[in-house]
Amino acid sequence: MQTDVRPAEMARINTPELAKAFIEEQIRDIRAQVKDGKVLLALSGGVDSSVVAALLIKAIGKQLTCVHVNHGLLRKGEPEQVVKVFREELGANLIYVDAVDRFLDKLAGVSDPETKRKIIGGEFIEVFAEEARKLENIRFLAQGTIYPDILESVAGIKAHHNVGGMPEEFDFELVEPVKLLYKDEVRCVGKALGLPDNMVYRQPFPGPGLGVRCPGAITRDRLEAVRESDAILREEFDNAGLSGKVWQYFTVVPDFKSTGIRDGKRTFSWLCIIRAINTVDVVEVTPEHLPAWLIDRLVKRITTEVPSISRVLVDYTPKPPATVEYE
Ligand code: XMP
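First things first, this report covers the structure right here in the doc. Fair warning: this is a prediction, and the values are worked out from it, not measured in the lab. (Residues numbered from 1 in each chain as written. Predicted model: local features only at pLDDT ≥ 70, side-chain atom pairs only at ≥ 80, totals over all residues.)

### Considerations on the overall build of the protein
Helix and strand content of the protein: ten helices and ten strands. Its C-alpha atoms give the protein a radius of gyration of 21 Å, within 12% of the compact-globule value 20 Å for 327 residues. Taken along the three principal axes of its C-alpha coordinates, the protein extends 70 × 40 × 40 Å. Considering only intrachain contacts with a sequence separation of at least 6, the fraction spanning at least 24 residues in the protein is 74%. (Helix = DSSP H or I, 4+ residues; strand = E, 2+ residues; numbered from the N terminus. Rg over C-alpha atoms; globule rule 2.2 N^0.38 Å. Contact = placed C-beta atoms within 7 Å.)

Here it is, written out as structure tokens:
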């Protein structure tokens, strides 16, 4: 069993060889811990839970059950990719839960940012626990805890259990194979496990997802406008070779309408804000200054392909005074 302290002599995993050695070691350790037991994992599609899933599939195959909860606040194409990669390509036992209506109904009319976060987090535990109750003889819960989570937990900054708050009736033993790794090492292991690059090098994405990029009370039409504009932004950043270079980039569609013209008629529609930032530790953040041609292209594509948006703005505010997200 691993301790929660990274040994001083542990080499930084930064080559495919070191990643392969780590994978072999973890396969042995996971098999020794789990034996013929069953393991449950909440698979969000983020890099940490994806790497844990891929490791466990290699180590124990169908003894692992992954649950992917689609709360309706994921980016375009993400739930489909989780199903494709894990169920179809890696042969995982994957339960896909379409909880979109359930989350959006609970969030309807709720505009306070912290209440929105609480509803999303609480509902997630609820849905995951319901799935866990349907399964029998699950003894273990796997989690994508990484070393910074443990360090922050020790420092009292945040609780380290990703699925912390599971109801007390569950008495799972934890399986946390990447808990001594830093993020760059998790990516290196993910690459060696053959996960797709857009999963391994995925930019940070908040737990409450697009919910915080749809400030105020979430409506389905505005959420769709965020999702579509975000997909266009990601595609254009890929094409411009910026996707691996800029730390985080996304669109926000606030609850605000402005006057526009479409087909010679007056419209009253949403505006879209582009935010692209660089940082080392997210405590201080600088804006990425985009080339004028790219801004022009984004304005054209977003206003053409997302008819509910008639105006595009670029946010060049550093942190502080602004935070990265809008709420
Ligand atoms: P802020 O807006 O606080 O964001 O400057 C700093 C980083 O944290 C991410 N973020 C979150 N991540 N749950 C998360 O898992 C959240 O509620 C949340 N809020 C912000 C944000 O995307 C940025 O990378």
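Read on for the rest.
### Structural notes on helix 7 (residues 183–192)
A large share of helix 7 lies buried, amounting to seven of its ten residues. For helix 7, the secondary structure elements touched by its buried residues are helix 1 (16–34), helix 2 (47–60) and helix 8 (197–200). Of the residues trailing helix 7, Gly194 is marked for its positive phi of about 85 degrees. (Buried ≥ 20, exposed ≤ 12 C-beta atoms within 10 Å, placed from the backbone.)

### Structural notes on the site of the ligand
Lining the immediate environment of the ligand, one finds Arg117, Pro204, Pro206, Gly207, Pro208, Val212, Gln248, Val282, Lys319, Thr323, Val324 and Glu325. Here the shell around the ligand is composed, by residue class, of six nonpolar, three polar and three charged. (Near = placed C-beta within 6 Å. Nonpolar A, V, L, I, M, F, W, Y, C, P; charged D, E, K, R; others polar.)

### Looking at the nonpolar core
Counting residues in hydrophobic clusters, the biggest one holds 76 residues, and the most contacted among them are Val39, Leu41, Val51, Ala53, Leu56, Cys66 and Val189. If you tally residues by element for this core, the top one is helix 2, at ten residues. No fewer than three residues from each of domain 1 (16–200) and domain 2 (219–315) sit in this core. Among residues more than four places away in sequence, those in contact with Val189 are Ile13, Ala19, Phe22, Ile23, Val51 and Val178. (Core = buried A, V, L, I, M, F, W, Y, C linked by C-beta atoms within 7 Å. Domains from an automatic or database assignment.)

### Overview of the environment of Val306
Inspection of the secondary structure assignment puts Val306 in the loop between helix 10 (292–305) and strand 10 (309–315). On the basis of neighbour counts, which here come to 23 C-beta atoms within 10 Å, the residue Val306 falls in the buried class. Along the backbone, Val306 and Val226 are 80 residues apart, and their C-alpha atoms lie at a distance of 9.3 Å. Filtering out sequence-adjacent residues up to four positions away, Val306 remains in contact with Ala225, Glu228 and Ser229.

### Some points on the sheet that holds strand 2 (residues 64–70)
Strand pairing in a sheet is mediated by backbone hydrogen bonds. Such pairs are either parallel or antiparallel. On the basis of which strands lie adjacent, the open sheet formed by five strands has the order 3-2-1-4-5 and parallel pairing. The open sheet terminates on both sides in strands that have one partner only, identified here as strand 3 (93–98) and strand 5 (173–175). Direction aside, neighbouring strands of the sheet carry axes that sit 30 degrees apart on average. Pairing between strand 1 (residues 38–42) and strand 2: four bridges, direction parallel. In the sheet register, Leu40 faces strand 2, and the bridge partner there is Thr65. Sitting on the sheet, helix 5 (residues 113–134) touches strand 1, strand 2, strand 3 and strand 4 (138–142), and the angle it makes with strand 2 is about 145 degrees. (Pairing = 2+ DSSP bridges. Axes fitted to C-alpha atoms, helices over the stretch in contact; angles between N-to-C directions.)

### As for the packing of helix 9 (residues 220–239) against helix 10
Axis separation between helix 9 and helix 10 bottoms out at 10 Å; the angle between their running directions is 145 degrees. Handedness of the crossing formed by helix 9 with helix 10: right-handed. Of the residues in helix 10, those touching helix 9 at Glu228, Ser229, Ile232, Leu233 and Glu236 are Leu294, Arg297, Leu298, Arg301, Ile302 and Glu305. (Left-handed = near helix turned anticlockwise from the far one by under 90°.)

### Let's talk about the environment of Ile120
Tracing the sequence through the fold places Ile120 in helix 5. Linking Ile120 and Ile302, residues 182 residues apart in sequence, is a C-alpha distance of 28 Å. Aside from chain neighbours lying at most four places away, what touches Ile120 is His71, Leu73, Phe103, Pro208 and Gly211.

### Here we look at helix 10
Note: α-helices contain 3.6 residues per turn, so residues at a spacing of three or four share the same orientation. Over its 14 residues, helix 10 extends 20 Å from the first C-alpha to the last, a length consistent with the 20 Å expected when each residue adds 1.5 Å. For helix 10, the full list of buried residues reads Leu298, Ile302 and Thr303. An end-on view of helix 10 places all buried positions within 110 degrees of arc, on one side of the element. Of the exposed residues in helix 10, the ones pointing more than 90 degrees away from its buried face are Trp293, Asp296, Lys300, Thr304 and Glu305. Structurally, helix 10 contributes buried residues whose contacts are with helix 9, strand 8 (265–279) and strand 10. (Expected span 1.5 Å × (residues − 1). Arc of directions from axis to C-beta.)

### Re the pairing of strand 4
Bridge count between strand 1 and strand 4: four bridges; the pairing is parallel. By the bridge assignment, Lys38 is partnered in strand 4 with Ile138. Bridge analysis of strand 4 against strand 5 gives three bridges, and the strand direction is parallel. Bridge pairing in strand 5 places Leu141 opposite Leu174.

### A short note on unusual backbone geometry
Outside of glycine, negative phi angles account for most residues, and trans bonds account for most peptide bonds. In the segment running from Lys319 into Pro320, the intervening peptide bond is cis, with an omega of -15 degrees. Looking at the element boundaries, Pro320 is found in the segment after strand 10. For the peptide bond that leads from Pro320 to Pro321, omega is 15 degrees, which places it in the cis range. Residue position: Pro321 is located in the segment after strand 10.

### What to know about the environment of Gln33
Its location among the elements puts Gln33 in helix 1. The spacing of Gln33 and Arg102 is 69 residues in sequence and 36 Å in space, taken between C-alpha atoms.

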